[in-house]
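Coordinate inspection notes
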Amino acid sequence: MITTAETDTALRGRVRDLYDAYYDTLDDVRLSDWPGFFLPDCLYRVIPRENFERGYTLSTMQAESRGMLQDRVTGLTTTQMYAPRYYRRFPGPLRISAGPEGIRTRHNLLIVQTLIDRQSEIVLSAVCHDRIVDEDGRLYFAERIVVIDSEMIPNSLIYPA
Amino acid sequence: MITTAETDTALRGRVRDLYDAYYDTLDDVRLSDWPGFFLPDCLYRVIPRENFERGYTLSTMQAESRGMLQDRVTGLTTTQMYAPRYYRRFPGPLRISAGPEGIRTRHNLLIVQTLIDRQSEIVLSAVCHDRIVDEDGRLYFAERIVVIDSEMIPNSLIYPA
Amino acid sequence: MITTAETDTALRGRVRDLYDAYYDTLDDVRLSDWPGFFLPDCLYRVIPRENFERGYTLSTMQAESRGMLQDRVTGLTTTQMYAPRYYRRFPGPLRISAGPEGIRTRHNLLIVQTLIDRQSEIVLSAVCHDRIVDEDGRLYFAERIVVIDSEMIPNSLIYPA
């Protein structure tokens, strides 16, 4: 529970820390740590902007529990090999608002891909609408909705956003 | 008026909120809300870096009142159709300084364009030098100078920065 | 010395100001001011991610003193001419932690290049691991390690990161 006694400033600091840790984990490709940022019951969705704005829920990728995210990681780390590449995430300014269902946030997200011997390029331009809750003093994602500007995730984006 | 009693931290928070709302409005293509961020008497200018650094005022685009910005929006929303595309704005860290003429800010701005079935690409790399004033408890742009690194705005950048 | 009496908030503000000033200096191509951000004895290193993660120190560029950085600037400003271009730096969120050896920071860095008559493009995607110390009330870089996602700095990146 977020108590009303907790100052706004302290809460905002904790939310920022959550995102810093989340994006560093993904940038560093510590994939096995990724599901731990989510509640056991959660919603992770990557959805094209056009669908999102029309109120559709048809998504490019969806997981409804931490277990499904763990399965996704297993799939990523045990299957095929890809050309060596790095992803780096550049989140924009974070808007934070607190409500009865937890903390709502909105921020833009740019993901840049670098193949070792090629020029860096943008693989994702998106806006994230997340809901965060406090469980026993730690913050977790209850919902993470990544609304992508393109129709589909590029094939080259293998790893989570 | 910004009173000296207002703490620095509170003022910085309000300025950040202004930019968050401004860029979200543009990212969401709520164009009719755009002129309302400016004073009735204002200066909105998009200018190539070379001209700006030489002290010239020859601009790629200029408006000198909220009414002119409204005309611009009318032009955008009533004329020709373009290939469907989305813009997303990624502002860099915000420098804020307060003076007798209001609040001066500086920040970099990256605008990314996504055509639905194509790879995202950068359409604008710029630095913004803005002046913000407080009117009846709300912040407005008195001046917004967008200094672009290229010679001209790409044809493909249809919407405001 | 960073005294324990200095509040976290104030220190974080000073570190942010350092980075704002550092990146503005480079964006504005005030190269002669660049070495002054470093201690006389310092480490400036640009290193490919693969080498960095394996614990190698083989670097693309390295300087071990402010004097070497000054030499680098002299080299840049007195030698050949390049096609006119601008660089703009987009640092990501800044993680700050204080320890006995000074302040450690981590943040992502995107550098965008614009040739005057061409589309802007990414020339660098990197993560920076820096160490900052306080000397007589001013903050300086003791170490700046720029870990780049590509194998080498593009030839086109002439100026410092």
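Below is a summary of the structure that appears in this document. Residues take numbers from 1 onward in each chain, read along the sequence in its written order. For this description, chains carry letters from A and ligands carry numbers from 1, given in the order in which they are written. With the structure being a predicted model, the display of local features is reserved for residues of pLDDT at least 70 and the display and counting of side-chain atom pairs for 80 or more, all residues being used for whole-chain, interface and lining totals. Water and hydrogen atoms were dropped before computing side-chain values, which therefore reflect all heavy atoms in the structure.

**A look at the interface of chain A and chain C**
Reports of interface size often rely on the accessible area that becomes lost once the parts have come together. The criterion, for reference: Contacts: residue pairs with any heavy atoms within 4.5 Å of one another. Summed over both partners, the accessible area (1.4 Å probe) lost when two parts come together is defined as the buried area. Any Lys or Arg side-chain nitrogen located within 4 Å of an Asp or Glu carboxyl oxygen qualifies as a salt bridge. Here a polar contact means two N or O atoms within 3.5 Å. Within protein one must be a hydrogen donor candidate and the other an acceptor candidate, and residues neighboring in sequence count only if both atoms are side-chain atoms. Per the convention used, a helix needs a DSSP run of H or I reaching at least four residues, while a strand needs a run of E reaching at least two, with both numbered from the N terminus. Throughout, the ten residues Ala, Val, Leu, Ile, Met, Phe, Trp, Tyr, Cys and Pro are labelled nonpolar, Asp, Glu, Lys and Arg are labelled charged, and all others, Gly among them, are labelled polar.
Taken residue by residue, the interface counts 21 residues in chain A and 19 residues in chain C. Here chain A packs against chain C, burying approximately 1800 Å² in sum over the two surfaces, 47% of which is carbon and sulfur. Connecting chain A to chain C are 4 salt bridges. At the boundary of chain A with chain C, the tally comes to 10 residue pairs in polar contact (both at pLDDT 80 or more). At the level of secondary structure, the elements contributing two or more residues to the side of chain A that touches chain C comprise helix H1 (8–27), strand S3 (85–91), strand S5 (102–115) and strand S6 (121–135) of chain A. When grouped by side-chain class, the residues that make up the side of chain A that touches chain C number 10 nonpolar, 3 polar and 8 charged.

**Quick word on the pairing of strand S3 (residues 85–91) of chain B**
For the record, the criterion: The buried label goes to any residue with under 20% of its type's maximum accessible area, the exposed label to any with over 50%, and the partly exposed label to all in between, with areas taken from a 1.4 Å probe on protein chains only.
For S3 of chain B, the tally of buried residues reaches 7 of 7 residues, placing the bulk of the element in the interior. Of the two faces of S3 of chain B, both are covered, the one formed by Arg85, Tyr87, Arg89 and Pro91 of chain B as well as the one formed by Tyr86, Arg88 and Phe90 of chain B.

**Some words on the interface of chain C and chain B**
Taken residue by residue, the interface counts 22 residues in chain C and 19 residues in chain B. A buried area of about 1800 Å², summed over both sides, lies between chain C and chain B, and 47% of it is on carbon and sulfur atoms. Across the chain C-chain B interface, the total number found is 4 salt bridges. Between Asp149 of chain B and Arg88 of chain C there is a salt bridge, with the nearest N and O atoms lying 2.9 Å from each other. On the surface where chain C and chain B come into contact, there are 10 residue pairs in polar contact (both at pLDDT 80 or more). When contributions to the side of chain C that touches chain B are tallied by element, the ones reaching two or more residues are helix H1 (8–27), strand S3 (85–91), strand S5 (102–115) and strand S6 (121–135) of chain C. By residue number, the principal contributor to the side of chain C that touches chain B is S3 of chain C, which donates 6 residues. When its residues are assigned to classes, the side of chain C that touches chain B shows 10 nonpolar, 3 polar and 9 charged.

**Topic: the packing of aromatic side chains**
Residue and element names in this part refer to chain C. For clarity, the cut-off: Between the rings of Phe, Tyr and Trp (Trp by its six-membered ring), a pair exists once the centres lie within 6.5 Å; its type follows the angle of the planes, with under 30 degrees stacked, over 60 edge-to-face, and the other angles tilted.
Going through the model one piece at a time under the given rule, you end up with 33 aromatic pairs over all chains. Ring geometry for Tyr19 against Tyr23: centres 6.2 Å apart, planes inclined by 25 degrees, an arrangement best described as stacked. Of this pair, Tyr19 and Tyr23 both sit in helix H1, 4 residues apart, roughly one helical turn. Residue Tyr19 shares its accessibility class with Tyr23, and that shared class is buried.

**Description of the environment of Ser59 of chain B**
Residues and elements named next belong to chain B. In this fold, Ser59 is placed in the loop between helix H2 (49–53) and strand S2 (61–65). For Ser59 and Ile145, which are 86 residues apart along the polypeptide, the C-alpha to C-alpha distance reads 9.9 Å. In contact with Ser59, not counting residues within four places along its chain, are Arg45, Val46 and Ile47. Within the local environment of Ser59, its side chain forms a polar contact with the side chain of Arg45, the two groups lying 3.3 Å apart.

**Here's the deal with the relation of the copies chain C and chain B**
For clarity, the cut-off: Least-squares superposition of the copies uses the C-alpha atoms of those residues scoring a pLDDT of at least 70 in each of them.
Of the transformation superimposing chain C on chain B, the axial component is 0.0 Å and the angular component is 120 degrees, with the fit at an RMSD of 0.0 Å. Within this description, the copies of the chain are treated as partners about a three-fold rotation axis. Taken together, the interface assignments show that only 18% of the residues at the interface of chain C recur at the interface of chain B, consistent with different surfaces on the two copies.

**Focus: the environment of Met68 of chain C**
All names here are of chain C. Looking at the secondary structure, you find Met68 in helix H3 (residues 66–78). Look at Met68 and you get partly exposed, because its relative accessible area is 37%. Considered as a pair, Met68 and Leu43 are 25 residues apart in the sequence and their alpha carbons are 10.0 Å apart. Residues in contact with Met68, not counting those within four places in the same chain, are Gln62 and Ala63.

**Quick word on the pattern of salt bridges**
In total, this model carries 49 salt bridges over all chains according to the counting rule given. We note a salt bridge from Arg49 of chain C to Asp149 of chain C, for which the minimum N-O separation is 3.3 Å. Here Arg49 of chain C is found in helix H2 (residues 49–53), whereas its partner Asp149 of chain C is found in the segment after strand S7 (138–148), with 100 residues between them in sequence. On the basis of relative accessibility, which here comes to 1%, the residue Asp149 of chain C falls in the buried class. Each of the salt bridges in this network shares a partner with another, and the network as a whole consists of Asp24, Asp28, Arg30 and Asp33 of chain A together with Arg95 and Arg106 of chain C.

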